[in-house]
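Here is how the chains run, residue by residue.
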Amino acid sequence: MPIKTDRRDAEGIARLLHLGWFRPVHCKSASAQETRAVLGARKAIQQNMIALEISLRGLLRNFGLKVGAISRGRFETRIRELADGNPMLETATTPMLRARATLRLELAALEKQVRQLAQDDPVCRRLMTMPGIGAVVALTFRAAVDDPARFRSSKRIGPWAGLTPSRNQSGERDVSGGITKAGDVNLRRALCQAATVMMNRGRSTWLRTWGAQLAQRRGRKVAMVALARRIAVILHRIWVDGTVFEPDAAPKMA
């Protein structure tokens, strides 16, 4: 506005409310915010530990030393083997390895608490009956949705989580693009990870069979997103109905 004052701002907000040009925002409960804080702390520690590992790999690679594919348990031993005999490399890698060891201990303790939180929650225990849904995914879904009653239909979870195709239409132009990526990015990432686990390592269920058949028709990436969206819908239905996942029978969606 050419002239912006508090009085004019208040008048503009009042007009928007009068016309209904706004979207209601759900205020999360205190318990949901606390759960998100714990999950956020876990993710921050995990990301810092991974960043240290990448830095160590890059540091040694400058000297032609490749760490290679190795388990987390043997990572520190491998780094010390490569740096052995070079005092400067030992000086550079030792404090980083100590910091990584500390982060790893803290991450293990925090993950133990996360698993305990999920086991103590009856909703999370029901959600984890679905293959591919662990403590982190169950808590992430529970904290993001918070109140399942605010969705009139379970099918509304997909668009809310940003897992539906975007569309740009104007006159004769009508383009369907990638997913909208609306809503909580952590929830969307957790659902996609659950879909990946179910497709690659999960036990045989009707849902995995449906995803595999879709992958043959439309491709693996499209099938992963579609499976993540359907997982979200089923989790919401399990929560609302108070049931558990049935691996042999597809539920009816409301």
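Residues numbered from 1 in each chain as written. Predicted model: local features only at pLDDT ≥ 70, side-chain atom pairs only at ≥ 80, totals over all residues. Heavy atoms only, no water.

S.K.: Report on the overall build of the protein, specifying residues and quantitative values.
M.R.: Broken down by element type, the protein carries ten helices and two strands. Since a compact globule built from 254 residues should have a radius of gyration of about 18 Å, the 24 Å found for the protein marks it as more spread out than a globular shape. Of all 254 residues assigned to the protein, the portion counted as buried reaches 33%. Contacts in the protein between residues far apart in sequence, at least 24 positions, make up 58% of those at least 6 positions apart. When the accessible surface of the protein is summed, it comes to about 15,700 Å², and 53% of that surface belongs to carbon and sulfur atoms. Side chains of the protein carry 44 positive and 21 negative charges; the gap between the two charge centres is 6 Å. (Helix = DSSP H or I, 4+ residues; strand = E, 2+ residues; numbered from the N terminus. Rg over C-alpha atoms; globule rule 2.2 N^0.38 Å. Buried < 20%, exposed > 50% of the residue type's maximum accessible area, 1.4 Å probe, protein only. Contact = heavy atoms within 4.5 Å. Areas by Shrake-Rupley, 256 points an atom, 1.4 Å probe, with all protein chains shown as cover. Lys, Arg positive; Asp, Glu negative; His and termini not counted. Charge placed at Lys NZ, Arg CZ, Asp CG, Glu CD.)

S.K.: Describe the pattern of salt bridges, listing the residues and the values that go with them.
M.R.: Throughout the structure, instances matching the rule amount to eleven salt bridges. We note a salt bridge from Arg80 to Glu76, for which the minimum N-O separation is 3.1 Å. One end of the pair is Arg80 and the other is Glu76, both in helix α3 (residues 72–83) and four residues apart, which spans about a single turn. Note on Arg80: relative accessible area 39%, which makes it partly exposed. Glu76 gets classed as partly exposed once you look at its relative accessible area, which sits at 26%. In this structure, the salt-bridge partner of Arg78 is Glu81, at a minimum N-O distance of 3.9 Å. Placement of the pair is Arg78 and Glu81 together in helix α3, with a separation of three residues, close to one helical turn. What makes Arg78 partly exposed here is its relative accessible area of 24%. On the basis of relative accessibility, which here comes to 44%, the residue Glu81 falls in the partly exposed class. (Salt bridge = Lys/Arg side-chain N within 4 Å of Asp/Glu carboxyl O.)

S.K.: Explain helix α6 (residues 135–145) to me, using residue names and the numbers behind them.
M.R.: Most of α6 is tucked away: nine of the eleven residues are buried. Listed as buried for α6 are Ala135, Val137, Ala138, Leu139, Thr140, Phe141, Ala143, Ala144 and Val145. Those residues of α6 that are buried lie in contact with α2 (30–61), α4 (87–120), α5 (122–127), α7 (157–160), α8 (185–200) and α10 (220–241). One or two positions beyond α6, positive phi appears at Asp146, with a value near 65 degrees.

S.K.: Break down the pairing of strand β1 (residues 165–170) for me, citing the residues and quoting the values.
M.R.: Buried residues are scarce in β1, accounting for zero of its six residues. When β1 meets strand β2 (residues 173–179), the two strands line up antiparallel, connected through five bridges. What sits directly across from Arg167, in β2, is Ser176. Hairpin connection of β1 to β2: two residues between the antiparallel strands, including Gly171 at a positive phi of 65 degrees. (Pairing = 2+ DSSP bridges.)

S.K.: Explain the environment of Thr129 to me, and be specific about the residues and the numbers.
M.R.: Position of Thr129 among the secondary structure elements: in the loop between α5 and α6. Look at Thr129 and you get partly exposed, because its relative accessible area is 29%. Between the alpha carbons of Thr129 and Phe245 there is a distance of 5.6 Å; along the sequence they are 116 residues apart. There is a polar contact of 2.5 Å between the side chain of Thr129 and the backbone oxygen of Arg126. (Polar contact = N/O pair within 3.5 Å; in protein donor to acceptor, adjacent residues only side chain to side chain.)

S.K.: Report on the nonpolar core, specifying residues and quantitative values.
M.R.: Counting residues in hydrophobic clusters, the biggest one holds 42 residues, and the most contacted among them are Met130, Ile133, Phe141, Leu191, Leu207, Ile231 and Leu235. Taken together, the elements giving at least two residues each to this core come down to α4, α5, α6, α8, α9 (206–218) and α10. The greatest single-element share of this core, amounting to eleven residues, is contributed by α10. Leu60, Ile79, Leu82 and Leu97 belong to the second-largest nonpolar core, a separate cluster that totals eleven residues. (Core = buried A, V, L, I, M, F, W, Y, C linked by side-chain atoms within 4.5 Å.)

S.K.: With reference to specific residues and values, describe unusual backbone geometry.
M.R.: The phi torsion at Asp146 lies on the positive side, around 65 degrees, for a residue other than glycine. When you line up the elements, Asp146 lands in the loop between α6 and α7. Backbone geometry places Lys181, a non-glycine residue, at a positive phi of 55 degrees. Among the structural elements, Lys181 can be located in the loop between β2 and α8. Look at Lys181 and you get exposed, because its relative accessible area is 58%.

S.K.: Any details on the packing of aromatic side chains? Residues and values, ideally.
M.R.: The final tally for this structure, using the stated rule, is three aromatic pairs. Between Phe151 and Trp160 the ring centres are 5.2 Å apart and the planes differ by 70 degrees, which places this aromatic pair in the edge-to-face class. Ring plane angle 20 degrees and centroid distance 6.1 Å describe the contact between Trp206 and Phe245, whose orientation is recorded as stacked. Placement of Trp206 in helix α9 and of Phe245 in the segment after α10 is noted, with a sequence separation of 39 residues between them. Above the ring of Trp210, the side-chain terminus of Arg230 is found at 4.6 Å from the ring centroid. (Phe/Tyr/Trp six-rings, centres within 6.5 Å; stacked < 30°, edge-to-face > 60°. Lys NZ or Arg CZ within 6 Å of the ring centre and 35° of its normal.)

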